[in-house]
Amino acid sequence: MTPEPALSPSVVVELRHVTKSYAGGVHALRGVSLTVGAGELLAIVGPSGSGKSTMLNVIGTLDKPTSGTVRVAGHDVGALSDARLSALRARHIGFVFQHFHLAAGRDAVDNVADGLLYAGVGPKARRARAREALERVRLGHRLGHRPSELSGGEKQRVAIARALVGEPSVLLADEPTGALDTASGEIVMDLLHELNGTGTTICVITHDHDIAASLPRRVRFRDGEIIADSGPRCRTAGEAG
Ligand SMILES: Nc1ncnc2c1ncn2[C@@H]1O[C@H](COP(=O)(O)OP(=O)(O)O)[C@@H](O)[C@H]1O
Ligand SMILES: [Mg+2]
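Residues numbered from 1 in each chain as written. Chains lettered and ligands numbered in written order. Predicted model: local features only at pLDDT ≥ 70, side-chain atom pairs only at ≥ 80, totals over all residues.

## Details of the pairing of strand 1 (residues 11–22)
Here is step 1 of the chain: Note that strand 1 and strand 2 (residues 26–37) share nine bridges and pair antiparallel. Residue Ser-21 lies in a different strand from strand 2, and its bridge partner there is His-27.
Here is step 2 of the chain: Note that strand 1 and strand 4 (residues 67–72) share five bridges and pair antiparallel. The residue bridging Arg-16 from the neighbouring strand is Thr-69, located in strand 4. (Pairing = 2+ DSSP bridges. Helix = DSSP H or I, 4+ residues; strand = E, 2+ residues; numbered from the N terminus.)

This is the structure we're talking about:
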């Protein structure tokens, strides 16, 4: 018997021939294969409706593919029960959305602590770790502020702290600067670069050409397919995404 070759531990996300179709003949993904290694920072670009969010949701196990295989942190996602899928999500995946998705009535610490709700951490330790995560995104001076008392950029930094507090294997960000002014967007992108510099694997969907150009790898979508991939790290100088 030939054993299946073990996936390299440095592979965090692997999609093979992934499709996603909706009723009415919408093919959001038409056979997408992608490998993301530990420590990568990649931009996912392409026109509206090209399947970027669908792919991110499939990687994040928020959505199931119609066919194909998805592996996250070595786990074949399609083979997991719902309970084990929730555990995988809590342990390995951090999500950041364009519109922050923070709980309105709760302060920054509580919002970030919620990122550990399903991680088997007690309430006191959750809040302590939330405070540390907020320091990391330089919001140590906003711990008790509610979302309505924060700027857009600060809200997104709270959301990033919430995504990171569980130390996920991969941070998935869907247009994280899409609702921000240029200056706040730059702060958020600087933060993502800095987090990547300390080892966090990050996939960012962006419409912004300058942001995409500033990232080490660019994956381009059109009509549910990857039409270009600059590959892990910049291998050729002057390559335009
Ligand atoms: N829940 C859904 N039901 C039906 N069609 C959907 C659904 N979600 C996305 N789509 C369709 O799938 C395609 C890809 O969407 P999406 O992944 O959101 O694109 P992008 O993020 O690149 O703008 C679009 O045609 C969209 O209308
Ligand atoms: Mg989208």
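## Looking at the site of ligand 1
Here is step 1 of the chain: Surveying the vicinity of ligand 1 reveals the residues Tyr-22, Val-26, Ala-28, Gly-46, Ser-48, Gly-49, Ser-50, Gly-51, Lys-52, Ser-53 and Thr-54.
Here is step 2 of the chain: Those elements giving two or more residues to the shell around ligand 1 turn out to be strand 2 and helix 1 (52–59).
Here is step 3 of the chain: Across the shell around ligand 1, the residue classes tally to three nonpolar, seven polar and one charged. (Near = placed C-beta within 6 Å. Nonpolar A, V, L, I, M, F, W, Y, C, P; charged D, E, K, R; others polar.)

## Points about the confidence of the model for the protein
One rule of thumb: low pLDDT means the predicted coordinates there are not for detailed reading.
Here is step 1 of the chain: On average, the protein scores 92 in pLDDT, and the residues at 70 or more come to 93%.
Here is step 2 of the chain: A low-confidence stretch, residues 234–241 (pLDDT under 50), is modelled with ten contacts involving residues beyond four sequence positions or located in other chains. (pLDDT = per-residue confidence, 0-100. Contact = placed C-beta atoms within 7 Å.)

## A closer look at the sheet that holds strand 9 (residues 217–222)
Here is step 1 of the chain: The strand order 6-7-8-3-9-10 describes an open sheet built from six strands, whose pairing is mixed. At either end of the open sheet lies a strand with only one pairing partner, and these are strand 6 (93–97) and strand 10 (225–229). Between one strand axis and the next, the sheet turns through 20° on average, direction left out of account.
Here is step 2 of the chain: Bridge analysis of strand 3 (residues 41–45) against strand 8 (residues 201–205) gives four bridges, and the strand direction is parallel. Residue pairing across strands places Ile-44 opposite Ile-205, the latter belonging to strand 8. (Axes fitted to C-alpha atoms, helices over the stretch in contact; angles between N-to-C directions.)

## Here we look at the sheet that holds strand 2
Each strand in a sheet pairs with its neighbour through backbone hydrogen bonds, running either in the same direction (parallel) or in the opposite one (antiparallel).
Here is step 1 of the chain: A sheet is described by the order of its strands in space; here four strands give the open sequence 2-1-4-5, paired in antiparallel fashion. Across the chains shown, the open sheet's two edge strands, defined by having one partner strand only, are strand 2 and strand 5 (75–76).
Here is step 2 of the chain: Bridge analysis of strand 4 against strand 5 gives two bridges, and the strand direction is antiparallel. Following the sheet pairing, Arg-71 is matched in strand 5 by Asp-76.

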